Amino acid sequence: MKNIAIIGGGAAGFFAAITAKKQNKNNEVFIFERSKKVLAKVAITGGGRCNVTNSFNEISSLTTAYPRG
C-alpha cells in the first residue's frame, strides 16, 4: 500500500487517481485542489466539442452526434 498525493482536481488529476487505485486497490489516493470546485473546467470546456457523447445513450456513429459535423 502507498499513500499517493495528486496535485490538481481536474480531469488529469482524477484520471491519475483512478489509475493509481486500479494499480493497487489498497493504495490511499488523495486529490488536492486549490479552488473550491473540482472538475470545474471539464464542465465548460470545448464548447460542446469535447464531451459530445455525454448526452446520448447509444451512438452508432460519432459523426451523427458531433455538433459541428
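Coordinates for the structure precede this section.
Let me sum up the structure you'll find in this document. (Residues numbered from 1 in each chain as written. Predicted model: local features only at pLDDT ≥ 70, side-chain atom pairs only at ≥ 80, totals over all residues. Heavy atoms only, no water.)

1. Describing the overall build of the protein chain
This is how the line gets drawn: Per the convention used, a helix needs a DSSP run of H or I reaching at least four residues, while a strand needs a run of E reaching at least two, with both numbered from the N terminus. Exposed residues in this analysis have more than 50% of their type's maximum accessible area, buried residues have under 20%, and partly exposed residues fall in between, with area computed by a 1.4 Å probe over protein chains only. Contact definition: two residues touch when any of their heavy atoms are within 4.5 Å. Areas reported here follow the Shrake-Rupley algorithm with a probe of radius 1.4 Å; residue values treat only the protein chains shown as occluding.
When helices and strands are counted, the protein chain shows 3 helices and 2 strands. Along the chain direction, N to C, the helices and strands of the protein chain fall in the order β-α-β-α-α. Looking at the protein chain residue by residue over its 69 residues, the buried ones come to 14%. Residue pairs in contact within the protein chain that sit at least 24 positions apart in sequence constitute 44% of those at least 6 positions apart. Entry remark: accessible area of the protein chain is about 5,800 Å², with carbon and sulfur atoms responsible for 55%.

2. Observations concerning the side chain of Asn27
How we decide: Polar contacts, as counted here, are pairs of nitrogen or oxygen atoms within 3.5 Å of one another; within protein the pair requires one atom able to donate a hydrogen and one able to accept it, and residues that are adjacent in sequence qualify only if both atoms are side-chain atoms.
Structurally, Asn27 is set in the loop between helix 1 (11-23) and strand 2 (28-32). For Asn27, the side chain forms a polar contact with the main-chain nitrogen of Lys2, separated by 3.1 Å. Sequence-distant contacts of Asn27, defined by excluding residues within four places in its chain, comprise Met1, Lys2, Ile4, Ala20 and Lys21.

3. Concerning the environment of Ile4
Counting through the fold element by element, Ile4 comes out in strand 1 (residues 3-7). Here the alpha-carbon distance between Ile4 and Glu28, two residues 24 residues apart in the chain, equals 6.0 Å. Other than its neighbours up to four places away in sequence, Ile4 contacts Ala20, Asn27, Glu28, Val29 and Phe30.

4. Thoughts on helix 1
Our working definition: Under the convention used throughout, the expected extent of a helix is 1.5 Å for every residue step, that is, one less than its residue count. The directions considered for the arc are those from the helix axis to the C-beta atoms.
In this model, helix 1 (13 residues) spans 18 Å end to end at C-alpha, consistent with the 18 Å of a helix rising 1.5 Å per residue. Listing the buried residues of helix 1 in full gives Gly13, Ala17 and Ala20. Projected down its long axis, helix 1 shows its buried positions confined to an angular sector of 65°, all on one face. Within helix 1, the exposed residues directed more than 90 degrees away from the buried face are Ala12, Phe15, Lys22 and Gln23. Against strand 1 and strand 2 lie the buried residues of helix 1.

5. Quick look at the pairing of strand 1
Regular strands show a simple pattern: their side chains alternate between the two faces of the sheet. Note the threshold: At least two DSSP bridges between two strands are needed for those strands to be called paired. For crossovers, right-handed means that the path from the first strand over the helix to the second runs clockwise, given strands pointing away from the viewer.
Pairing geometry for strand 1 and strand 2, over 5 bridges, is parallel. Paired with Ile6 across the two strands is Ile31, which belongs to strand 2. Crossover strand 1 to strand 2 through helix 1 is right-handed.

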